[in-house]
Amino acid sequence: MSLIDTHCHIYSTEFDADRSAMIARAGDEDIIKMLMPAIDVSTHVHMLHLEQEFTETCISMMGLHPCSVKETYVAELKVVEQYFQERSFIAVGETGLDFYWDLSYAKEQYKAFQRQIDLAREHDVPIVIHSRNSIDECIDVITQNQKGNLKGVFHCFSGSIGQAKKIIDLNFYLGIGGVLTFKKSGLDLVLAQLDLNNIVLETDAPYLAPVPFRGKRNECAYIKYVAQKLALVKELPVDEIALKTTSNARRLFNV
Ligand SMILES: [Zn+2]
Ligand SMILES: [Zn+2]
């Protein structure tokens, strides 16, 4: 049962004590690839080092996280662009809008999001969208930008059926993680109504651990709990969920 974790921050300090063991545990669960979204200049180097150490398994994206859009965002975006001039990446991200923590840089978040959409188009790679408290706003931005050739994923999707359908109509994917296993998330009812063609799995490790580890540090091996829950929701064997979501991830990220 090969799985791809399409979104994990395994270069973050939460894993400093046991990173190699954690990656080995993921290997034991047949997680064949771990795709790493970038955050900002404070973590790019750590991410790229990890990619070098585990080539083919831990694969980097490049971008600027909306929570890191502050007064330095223009310089941060320059760094992202420079990296893209030096080498290729599987995706731009993570980018998007986060209106949960702080609204004071909302305007700049929109600008950084737009620049990264343009970058994804220039380099013909998918875009990984973070849409906390901003799904409708992110859908609007992508709608304005979708001229047929933009592709990507709304990572950590936890919206309504209406929002899910809009995202799929835009030719984008839904990144499904631990939230699916939370009681009362309602995400099970949404996914029951969708086919699997636009679904990819993710952990968002170290955040959002699925049940039975909710509230604890998340790690890539736990993606199997998300796959198992999705199998229950779709009334399909978990092997079929793995096959389908892995092939979706391969198609989207070209890995
Ligand atoms: Zn995110
Ligand atoms: Zn993330």
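All of the points below concern the structure found in this document. (Residues numbered from 1 in each chain as written. Chains lettered and ligands numbered in written order. Predicted model: local features only at pLDDT ≥ 70, side-chain atom pairs only at ≥ 80, totals over all residues. Heavy atoms only, no water.)

### Let's talk about the overall build of the chain
Counting secondary structure elements, the chain contains nine helices and eight strands. In terms of C-alpha radius of gyration, the chain reaches 17 Å, essentially the compact-globule figure of 18 Å for 255 residues. Its C-alpha atoms put the chain at 45 × 40 × 30 Å along the principal axes. For the chain, with 255 residues in total, the buried portion stands at 55%. Partitioning the contacts of the chain with sequence separation of at least 6, the portion at a separation of at least 24 is 72%. Split by element, the accessible area of the chain, about 11300 Å² in all, is 51% carbon and sulfur. Taking the average location of the 26 positive side-chain charges in the chain and that of its 34 negative ones, the two points are 4 Å from each other. (Helix = DSSP H or I, 4+ residues; strand = E, 2+ residues; numbered from the N terminus. Rg over C-alpha atoms; globule rule 2.2 N^0.38 Å. Buried < 20%, exposed > 50% of the residue type's maximum accessible area, 1.4 Å probe, protein only. Contact = heavy atoms within 4.5 Å. Areas by Shrake-Rupley, 256 points an atom, 1.4 Å probe, with all protein chains shown as cover. Lys, Arg positive; Asp, Glu negative; His and termini not counted. Charge placed at Lys NZ, Arg CZ, Asp CG, Glu CD.)

### Considering empty space enclosed by the protein
One simple way to see leftover space: roll a probe sized like a water molecule over the atoms. This structure, assessed with the given rule, holds one cavity of 30 Å³ or more. Estimates place the volume of the largest cavity at around 40 Å³. Cys-156, Phe-157, Ile-176, Gly-177, Gly-178, Val-179, Leu-187, Glu-202, Thr-203, Asp-204 and Leu-208 together form the lining of the largest cavity. (1 Å grid on protein atoms, 1.4 Å probe; cavity = no way out; pocket = protein on both sides within 12 Å on 5 of 7 lines; lining within 4 Å. Points joined across faces, edges and corners; volume = space filled by probe spheres on them.)

### Quick notes on the sheet that holds strand E2 (residues 31–36)
A sheet is described by the order of its strands in space; here three strands give the open sequence E1-E2-E3, paired in parallel fashion. Of all strands in the sheet, those with a lone pairing partner are strand E1 (3–5) and strand E3 (58–60), marking the two edges. Taking the axes of each pair of neighbouring strands and ignoring which way they run, one obtains an average angle of 20° across the sheet. Looking at chain direction, E2 and E3 are connected through three bridges and run parallel. Looking at E3, one finds that Met-36 is bridged to Ser-60. Sheet strands in contact with helix H9 (residues 238–253) are E1 and E2, and its direction is about 50° off that of E1. (Pairing = 2+ DSSP bridges. Axes fitted to C-alpha atoms, helices over the stretch in contact; angles between N-to-C directions.)

### Focus: the coordination of the zinc ion (ligand 2)
Taken together, His-7 (NE2), His-9 (NE2) and Glu-94 (OE) make up the full set of protein donors to the zinc ion (ligand 2), lying 1.9 to 2.1 Å away. Sequence positions of the residues that donate to the zinc ion (ligand 2) give the spacing H-x1-H-x84-E. A gap of 3.2 Å separates the zinc ion (ligand 2) and the zinc ion (ligand 1), which Glu-94 links by coordinating each metal. Taken together, the positions of His-9 in the loop between E1 and helix H1 (19–28) and Glu-94 in strand E4 (residues 92–98) put the pair 85 residues apart, joining distant regions of the chain. Note on His-9: relative accessible area 2%, which makes it buried. Since its relative accessible area comes to 1%, Glu-94 is described here as buried. (Donors = N, O, S within 2.8 Å, 3.2 Å for Na, K, Ca; no water.)

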